[in-house]
Amino acid sequence: MRYHYKKPEFYASMYGKIYICDHPVYTRCTLFVIGDKGLSIIQQRYEADTKKTWWSEVDPWLTDVLYLHPKFKEFFDARAGECADGLYPTVTVRQIMWALKIKPIKRERWETVFDRRKI
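This is a predicted model, so every value here is computed, not measured.

Further remarks concern unusual backbone geometry. For Asp85, which is not glycine, the phi dihedral falls at a positive 60°. Unlike most non-glycine residues, Lys101 shows phi in positive territory, near 65°.

Another aspect to go through is the pattern of salt bridges. This model, assessed by the stated rule, comprises four salt bridges. With a closest N to O distance of 3.0 Å, Arg28 and Glu57 form a salt bridge. Here Glu57 lies in the loop between strand S4 (52-56) and helix H1 (60-67) and Arg28 lies in strand S2 (residues 28-34), a separation of 29 residues in the sequence. The exposure class of Arg28 is partly exposed, given its relative accessible area of 32%. A relative accessible area of 17% means that Glu57 is categorised as buried. Where Glu111 meets Arg94, a salt bridge forms, and the shortest distance between an N and an O atom there is 2.9 Å. Taken together, the positions of Glu111 in the segment after helix H3 (93-99) and Arg94 in helix H3 put the pair 17 residues apart, joining distant regions of the chain. The buried category is assigned to Arg94, whose relative accessible area is 15%.

Looking now at helix H2 (residues 72-79). Taken residue by residue, H2 has Phe72, Phe75, Phe76 and Arg79 as its buried positions. Projection of H2 onto a plane perpendicular to its axis shows the buried side chains occupying an angular sector of 100°, all on one side. In H2, the exposed residues that point more than 90 degrees away from the buried face are Glu74 and Ala78. The inward-facing, buried residues of H2 contact S2, strand S3 (37-47), H1, strand S5 (90-92) and H3.

Each value, and the rule that gives it
- Residues numbered from 1 in each chain as written.
- Predicted model: local features only at pLDDT ≥ 70, side-chain atom pairs only at ≥ 80, totals over all residues.
- Heavy atoms only, no water.
- Salt bridge = Lys/Arg side-chain N within 4 Å of Asp/Glu carboxyl O.
- Helix = DSSP H or I, 4+ residues; strand = E, 2+ residues; numbered from the N terminus.
- Buried < 20%, exposed > 50% of the residue type's maximum accessible area, 1.4 Å probe, protein only.
- Arc of directions from axis to C-beta.
- Contact = heavy atoms within 4.5 Å.

Shape is all these values report; function is a separate question.
So, in structure tokens, the structure goes:
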């Protein structure tokens, strides 16, 4: 039996901010910045009527769960970087949840996956 992370009834979203940029894959992401380094996190969305998918910021109920995790700083130090041409290194919400050993959110049939580490 698989278990998935479920949206809590009550949550706070104090960490991370929505960052608007000109990335080839997305235009909005959740950005965590510590010092001069930053890490963008994206989540895939789906519109059933048009069957369109796109990447955007992470659900607000996940931001504090990720940032306050004991292993977040270690992951951040390994993957974050300085801003280059208005872009920060990027990971998907699934990549960071697996790396932090957090139960992942439920995977949908329409979701796509990046084969490479760098997005």
